[in-house]
Structures are given as structure tokens and as C-alpha cells.
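Each chain is listed here by its residues.
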Amino acid sequence: IAEAARYTGHNAAWYLARHGIVLGVALSAAIMVFLVPAKWWQHAAPWLFMFGVALLVLVLIPGFGREVNGARRWLDLPAFSLQPSELVKLAAVLYAADYTARKHAVMKSFRKGLLPMLAVMLLVSWLLLREPDFGALVVIAVTSFCILFLGGMNGRHFAALVGMLAAGFALLVLSSPYRMQRIFGFMDPWADPLGRGYQLSHALIAFGRGEWLGVGLGASIEKLHYLPEAHTDFLLAVIAEELGFVGVALVIALFVWIVMRAFAIGRQASLHERHFAALAAQGIGVWIGFQALINMGVNVGLLPTKGLTLPLMSYGGSGLLVNFVALAILLRIDWENRQLARGLNA
């Protein structure tokens, strides 16, 4: 709706119809995924991850990948565009959960437990930086290593890894003039409101206009070509303008509930000694919650601007499809937990 509001007549109807089709496809895919046992995803996890890495390579090859705003992140397929990094987010969760479940006995060892996963993540990180997609890199890295920590990684190794990640991200920012400009724009958006601070300044204006109850659904002014990427990265600012503090609070409550339910489902699976299912459920919660946290932080000016969408809400075919599939896997794990609790076979 936020995107359709930029257009009139047939163009607006086309955008709404297109999003309705994507929503229908995502819902159909989620229903089919729910019918697949969780143990199948454990067997398929390494293959899905390798398939995702292959897509990351393919998107960098001229003629296959499509460049938008200086980034090559999309594959042009006959019927739609695919963003491989969205698929890799889910594949990384499943692979990290499978890896941790298989390596549980040696997770305290740096050489046998952490090092192989670290090497794999370095390869993925290099491919994502070639696009570049720094936001997806942060989400995938944090989610994967959180799963390792939940699966029993050595505490000292985890602390050292966090320090290495922080230093690596700082180095990536300092080595890129583009990322440095985003940092300076984040620190004082009003110093250059028509330049590097343009996105954040208009997001803050949208929040200010919304006040407590908003200006009304559909009445946002900022989304009408003032606020960049109003339908994806800065959707929360549009929600704040139209529905106010109350609307934003409801969105935050939604994601808090999803994360809490994911961890509850994971704990229940661990009681039945379903280690992969437990880690996959909690990994999905970490991924969705962390990405939502970054998107919200960017919108309110607490974090530097990053190209990350708001899960389940932002416009986008690949992201919506993968989010629905992830939730379907989570629901399947919950259903299997309930079956086992009743003494039935999952």
C-alpha cells in the first residue's frame, strides 16, 4: 500500500495486484513447507546452503545479476527477480543448526568446532561484500554464531569471536567512503539534510508528524516521494506517521511475541532431545528479531542507515517468501512438539 500510494490509476492497481500475487505464492509455499517433517530440513540443510552460495556467485556474473543503485543483488528470472541473500539467511540458519547438532560433542574445541564454520562464513561474507550487501552480512553472521553459542560453543571463544566481528565490521566501515558517509549522516542528519542525512531526517519528520495516534491510515505525506524506500527500508517511519506511537508499539510487540514464541518452541523441542529442531527454531527467532531490531533502529536514528527490510511487512517478493517459509518451519516444529507431548509420532 505504501508503494501503491506513489502512483495513481492503473499503476497503483498493478502494484497492489503484484503484491497480492506474491503474498499468495508465499502463503502457498508456507503451506507446502509445513507438510515437510523437520528432520528433512536437517538432511537438506547442507545442500540448501551450497545452493544459496552458488546463487551468490551467480549474481556476481554479468548477464545474470541485475544492478540497482550500485548494488548487484538480484537475479533476473523469467517471471520474477530473486534476491539470493534472502534465501541464504534461511539456509544459514538451517546449516548452522545442523552443523551445531552434528558437532555437539566437539563444540568446545576451536579447531574442530568453531574453525570450520568460521571458514564457511568468511566465504559467504566475501561474496556478500562483493555485491555489496553489508546488512545481510551482519544478519547472517550474527544469527549463525548465535546458534553456535546456543548449541554449546565455548564462552571464551564466543567472546573472542564477538570482538573479531566488531573489529571486522569497524574495519569495513573505515575502509569504505560510502559507509563512512552513512556513519556521519547518522550522527548528525541535520548537518546535511539534503545530502547524506536526507533519509534519516525525513524518517524523523515522519515520526514527529505521527505523534501518539498518527495522521490516519493512508494520509502519510513523507511516503509521497519524500522518504526514500518508503515501502521497504523505511516502512516503519510511514507506520509511525500514519498510526503514531500506538502503531509502532503494536509492531514492536508483534516481533517481541514472535521471538519469544520461537525460543519457547525451541526449548520444548530440546526437552524431546530434538537438537536440530530446537536450534533451528531459536535461530529463526534470532534472525527475524535481529533484522527487525536493525530496521527499527535505522528508522528512529539509533543505528546507521542500512538496506535491511522489516521482516513480514516490507514490500519485496524474495524476502516475503523466505519469511513465510521460515515461519512455516517454525510452526512445523511446534506441531511436532505437540504431537510428541501427546505420545504420538511426529
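Reading the values: rules and limits
- Residues numbered from 1 in each chain as written.
- Predicted model: local features only at pLDDT ≥ 70, side-chain atom pairs only at ≥ 80, totals over all residues.
- Heavy atoms only, no water.
- Pairing = 2+ DSSP bridges.
- Helix = DSSP H or I, 4+ residues; strand = E, 2+ residues; numbered from the N terminus.
- Buried < 20%, exposed > 50% of the residue type's maximum accessible area, 1.4 Å probe, protein only.
- pLDDT = per-residue confidence, 0-100.
- Contact = heavy atoms within 4.5 Å.
- Core = buried A, V, L, I, M, F, W, Y, C linked by side-chain atoms within 4.5 Å.
- Salt bridge = Lys/Arg side-chain N within 4 Å of Asp/Glu carboxyl O.
- Axes fitted to C-alpha atoms, helices over the stretch in contact; angles between N-to-C directions.
- Left-handed = near helix turned anticlockwise from the far one by under 90°.
- Nonpolar A, V, L, I, M, F, W, Y, C, P; charged D, E, K, R; others polar.

Here we take up the pairing of strand β2 (residues 71–76). Strand direction decides the pairing type here: strand β1 (residues 65–68) and β2, joined by four bridges, are antiparallel. Bridge pairing links Gly65 to Leu75 in β2. Taken together, β1 and the strand that follows it, β2, pair antiparallel across an intervening segment of two residues, in which Asn69 is found at a positive phi of about 55 degrees. In this sheet, strand β3 (residues 81–82) lies alongside β2 in antiparallel orientation, the contact comprising two bridges. Its bridge partner lying in β3, Asp76 is registered against Ser81.

Another point: unusual backbone geometry. Among all residues save glycine, negative phi is the norm, and among peptide bonds the norm is trans. In this structure, Pro132 follows Glu131 across a cis peptide bond, with omega equal to -5 degrees. Residue position: Pro132 is located in the loop between α4 (110–130) and α5 (134–150). Despite not being glycine, His225 shows a phi value in the positive range, around 70 degrees. Structurally, the position occupied by His225 is in the loop between α8 (198–210) and α9 (235–271). What makes His225 exposed here is its relative accessible area of 57%. One non-glycine residue with positive phi stands out, namely Glu229, at about 50 degrees. Along the chain, the position of Glu229 falls in the loop between α8 and α9.

Averaged over all residues, the pLDDT of the chain is 88; the fraction at 70 or higher stands at 94%. Across residues 1–5 the pLDDT falls below 50, and counting only partners more than four positions away or on other chains, this stretch makes 12 contacts in the model.

Turning our eyes to something else, we now look at the nonpolar core. Side chains of a nonpolar character, in soluble globular proteins, are inclined to be buried together. Grouped together as the largest cluster of nonpolar side chains are 84 residues, with contacts concentrated most on Ile329 and Ile333. If near-sequence neighbours (up to four positions away) are discounted, Ile329 is found in contact with Val33, Trp41, Leu90, Leu94 and Ile284.

Turning to the sheet that holds β3, a few remarks are in order. Here we have three strands laid out as an open sheet, ordered β1-β2-β3, and antiparallel in their pairing. Sheet topology places β1 and β3 at the edges, where each strand pairs with a single neighbour.

A complete count under the given rule lists nine salt bridges for this structure. Notably, a salt bridge pairs Glu336 with Arg274, separated by 2.1 Å at the nearest N-O pair. Note that Glu336 is positioned in helix α11 (residues 317–341) and Arg274 in the loop between α9 and α10 (275–300), a separation of 62 residues in sequence. Of the charged contacts in the structure, one is a salt bridge between Arg332 and Glu336, with a shortest N-O distance of 2.9 Å. Of this pair, Arg332 and Glu336 both sit in helix α11, four residues apart, roughly one helical turn. Since its relative accessible area comes to 8%, Arg332 is described here as buried. Via salt bridges that share partners, Arg261, Asp334 and Arg338 belong to a single interconnected network.

It is worth spelling out the packing of α8 against α9 at this point. Remark: α8 packs on α9, axes separated minimally by 7 Å, with the N-to-C direction vectors making an angle of 35 degrees. Where α8 crosses over α9, the two elements pack in a sense that is right-handed. Counted together, Ala203, Ala206, Phe207, Arg209 and Gly210 of α8 and Leu236, Ala237, Ala240, Glu241, Gly244 and Val248 of α9 form the full contact between these two elements. Split by residue class, the contact of α8 with α9 holds seven nonpolar, two polar and two charged.

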